Amino acid sequence: MPKPEMLTTTVSTNGQVILPRSVRRALLWEAGTRLVVEIAPEGVMLRQAPEFFETRSGDVFGCLAFDGRPSLWRRWKQAGVLATAGRRQSGD
């Protein structure tokens, strides 16, 4: 197996690090890509941040205020969906 290319970079006075173009291209990291920084036993690990962080339904359930019935209620009622659901629950 060929030895991976050793690339180096420098930390600026502002704490910024420039990733070599070959690394950014290989990982498809464009300007503005958000990265997660983790301290690892070997040093620092960078990985692309997920688009959305994992959320449980309890974290977001009821976060939007709503007063009234769902907008589909009337259509469900007209289509008989509610009656069908009631029969299935009662064992008909």
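Look up a bit, the structure's there.
Here the structure is a predicted model, which means the values were calculated and not measured. Note that residues are indexed from 1 along each chain, following the sequence as it is written. Local features in this predicted model are restricted to residues whose pLDDT is 70 or higher, and side-chain atom pairs enter the listing and the counts only when it is 80 or higher, whereas totals over whole chains, interfaces and linings include all residues. Hydrogens and water molecules were not included; the side-chain quantities draw on all heavy atoms of the structure.

Section: the overall build of the protein chain
Helix and strand counts for the protein chain stand at four helices and two strands. The helix and strand sequence of the protein chain, counted from the amino end, reads α-β-β-α-α-α. Pairs at least 24 residues apart make up 3% of the contacts formed inside the protein chain by residues separated by at least 6 positions. The accessible surface values rely on the Shrake-Rupley method and a 1.4 Å probe; as for residues, cover is taken only from the protein chains in view. As displayed, the protein chain has an accessible area near 9300 Å², and 56% of this comes from carbon and sulfur atoms. Secondary structure counts use DSSP, requiring at least four H or I residues in a row for a helix and at least two E residues in a row for a strand, with both numbered from the N terminus. By definition, residues are in contact when any of their heavy atoms lie within 4.5 Å.

Some words on the environment of Thr8
Along the chain, Thr8 turns up in the segment before helix 1 (21–27). The class for Thr8 is exposed, based on a relative accessible area of 70%. Each C-alpha atom, one on Thr8 and one on Leu19, is 8.7 Å from the other, the two residues being 11 residues apart in sequence. Burial classification: accessible surface area is computed with a 1.4 Å probe over protein chains only, and a residue below 20% of its type maximum counts as buried, one above 50% as exposed, and the rest as partly exposed.

Focus on the pattern of salt bridges
Any Lys or Arg side-chain nitrogen located within 4 Å of an Asp or Glu carboxyl oxygen qualifies as a salt bridge. Applying the stated rule across the entire model yields one salt bridge. For Arg47, the salt bridge identified is with Glu38, shortest N-O distance 2.6 Å. Under the relative-accessibility criterion, Glu38 is labelled partly exposed at 28%.

A short note on the pairing of strand 1 (residues 35–40)
The side chains of a regular strand alternate between both faces of the sheet. What makes two strands pair is DSSP finding at least two bridges between them. Here six bridges tie strand 1 to strand 2 (residues 43–48), and the two strands are oriented antiparallel to one another. When the bridges of strand 2 are listed, Leu35 appears paired with Gln48. The hairpin turn running from strand 1 into strand 2, its antiparallel successor, is two residues long.

Comments concerning a nonpolar patch on the surface
There is a patch of nonpolar side chains on the surface, built from Leu35, Val37, Val44 and Leu46 and spanning about 340 Å² of accessible area. Listed by contribution, the elements that provide at least two residues to the nonpolar patch are strand 1 and strand 2. In this structure, Val37 sits in strand 1. Patch building starts from residues that exceed 30% relative accessible area and form no salt bridge, then joins like charges within 9 Å and nonpolar side chains (Val, Leu, Ile, Met, Phe, Trp, Tyr) within 5 Å.

A word on the environment of Val11
Within the secondary structure layout, Val11 lies in the segment before helix 1. Look at Val11 and you get exposed, because its relative accessible area is 56%. In this structure Val11 touches Gln16 and Val17, once residues within four positions along its chain are discounted.

What about unusual backbone geometry?
The residue Leu28 is not glycine, and still its phi comes out positive at about 60 degrees. With respect to the helices and strands, the residue Leu28 is situated in the loop between helix 1 and strand 1.

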